[in-house]
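# Architecture and fold: a report
Listed below are the residues making up each chain.
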Amino acid sequence: MRCSRYVSTLILAATVSIASPHDGKADVPALEAAVREKTASIEGKLIAWRRDIHQHPELGDQETRTAGIVADHLRSLGLEVRTGVARTGVVAVLKGAKPGPTVALRADMDALPVKEPKGLPFASEAKSKHLGKEVDVMHACGHDAHTAMLMAVAEVLTSLKDQLPGTVQFIFQPAEEGSSVYPSSSGESSGAALMVKEGVFAETKPDAVFGLHVMLGKSGEIAYRAGATLASSDGLEIKVSGKQGHGGMPWQTIDPITASAQIVNGLQTIVSRRVDLTASPAVVTIGTINGGTRANIVPETVEMTGTIRTYDEAIRGQIHRDIANVAGKIAESAGATAKVSISPGYDTTVNDEDLTERMLPVLERAADGRVRRSLPVGASEDFSVFAQQAPGLFLFLGVTPEGQDPAKAAPNHNPNFFVDEAALVVGARTMASLAVNYLAAQSGK
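Residues numbered from 1 in each chain as written. Predicted model: local features only at pLDDT ≥ 70, side-chain atom pairs only at ≥ 80, totals over all residues. Heavy atoms only, no water.

Further remarks concern the packing of aromatic side chains. The final tally for this structure, using the stated rule, is five aromatic pairs. An aromatic cluster of three or more residues is present, and its members are Phe-201, Phe-383, Phe-386, Phe-394 and Phe-396. (Phe/Tyr/Trp six-rings, centres within 6.5 Å; stacked < 30°, edge-to-face > 60°.)

On to the nonpolar core, then. In terms of nonpolar packing, the biggest core is built from 66 residues, with Leu-105, Leu-157, Phe-170, Phe-172 and Phe-210 touching the most fellow members. In terms of residues, this core owes the most to one element, helix H11 (residues 424-443), which gives twelve residues. Ignoring sequence-local partners within four residues, the contact set of Leu-157 consists of Leu-94, Leu-105, Leu-164, Val-168, Phe-170, Ala-432, Ala-435 and Val-436. The next biggest cluster of nonpolar side chains, apart from the first, holds 21 residues, and it includes Val-240, Leu-267, Met-304 and Ile-308. (Core = buried A, V, L, I, M, F, W, Y, C linked by side-chain atoms within 4.5 Å. Buried < 20%, exposed > 50% of the residue type's maximum accessible area, 1.4 Å probe, protein only. Helix = DSSP H or I, 4+ residues; strand = E, 2+ residues; numbered from the N terminus. Contact = heavy atoms within 4.5 Å.)

A word on the pattern of salt bridges. Evaluation of the coordinates by the stated rule reveals 22 salt bridges. Linking Arg-106 and Asp-382 is a salt bridge whose minimum nitrogen-to-oxygen distance equals 3.0 Å. Remark: Asp-382 occurs in the loop between strand S17 (371-373) and helix H10 (383-387) and Arg-106 occurs in strand S3 (residues 98-108); sequence separation between them is 276 residues. Judged by relative accessible area, Arg-106 falls into the buried class, the value being 2%. In this structure, the salt-bridge partner of Asp-136 is Lys-115, at a minimum N-O distance of 3.9 Å. Here the residue Asp-136 occupies a position in strand S5 (residues 133-136), and Lys-115 occupies one in the loop between S3 and strand S4 (127-130), the gap between them amounting to 21 residues. It is possible to trace a salt-bridge network through shared partners that takes in Arg-50, Arg-51, Asp-144 and Glu-421. (Salt bridge = Lys/Arg side-chain N within 4 Å of Asp/Glu carboxyl O.)

What follows is the structure in C-alpha cells.
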C-alpha cells in the first residue's frame, strides 16, 4: 500500500527536525525538501520523456536519436556536455556554487532486439539491424525509464546549483546490453568499458558513483544490497569433435552427440558438487546445442554455447578450470575431443559496503520507508566497470503495478515487461537525494 501524502510529510518533517546544518555547510534537510518538491513538479515531463524514448528505441551503439534528446536537454540546462563518448554516449557536468566532492550518476540508454506487443499507445514499432540482421526493437529492460529519470535528476539538481557543494557528473551510457554493431568476438570495446577507456573520468574523477535499475517489485520500492549484488557473466563455447559416419553403424563412428549429452550432465556437477555454495552461489547454463544434418548421420562435430554466472572471483576462476577439465575428460572417455572457449564478460557488480550503509537512511527517506534488502541478482551489469573506478552503489526500483504479484509479472527482457510510471518519480527523487546528501556530507568533513 502506497504511503499517504500525510505520512510522507511526517517522514520529511522528522528528517528536518533531527538535522542541524552547520555554518558554511549545505542545509541537507532543505536540499532534500527541494529535491522532493522539484521532482514532483516535473513528473509529467519525466513520464513524457520516458514514453517518447520507449516509442523510439535504439540498439546498443546506435542510440543517436536518444542521445540527441538527452544532449539537447542537458544543454538547455546550461551544463557542460560531451557527445560521442563511447560512440553514442553523452556526459554532462554540473558544478555547484560551493566547493566539495564529485559524484557520478549513470543511466543506460539502449534497447533490445525484442518485438513489443500492441496495446500501449506509445508501443514501439521500430526495427533496426542487430549484427547485420533486421530485428524488431523494444525497451524490454527499462533503459528508457533510466534515461528519463536521469534527465529529470539533471533538471532538479541544476535548479539547486547555487546550494550544491561540489560537482555532479551525469553519464548517459550506450550499449549496456552489448554492441549491436560489433560482435563480442570482434574484440571491440563498448558500453561502460569503452567510456572508461576513452577517459570519462579523466578530468572529472568521482568520489562515488550511483546507478539504478527498474525491476520486478512493488511499485516505488527501493531494493539494495551491500557487497556482491549482480553476477559476473562469462560466455562459454564448447566444440566436441568426433568421427562422422552412418547412424545405423555407430560402432564405426565417434559420436559427438552422445559425448555432448554427457558433457551437459557433467557440467551440472561443477556447481552441485565442486563449488562451495555456502561461500557464494554460481550458475553454469548451456543455452544452445547444435549438431547434425539428418537422422541417419552421426555428425563430425557438435557445438554448445552457454553462460557462467558467479559472485566471487576465486570461484569464477575455479569454475573456468573445472569446465575445461570436465568437458575434456568426458569427451576423451568417448574417444572424442572437446575444445572449450570462455570469453570473460561483465565482472560482478559490487556495492561498496561503507557507502551503502551511509546512504541507507537517504533511501529510507526518498522512498518513504519502502526499502528492502535484495538477494543477489543473477543478471549482470557493466555498471561494475564504473564501480571499480570509485565506490559504487547500484539500486533496484520496483515497477510492478499495485495489485499485481511481482512473482507472476513478466520480467525484464520479456516482451510483456511493464513499467508502472508512478514509480519513476521515486527513482528520480532517490538518485537526486543520493547526490545532494553525499555531496553535503563529504564537503562537511
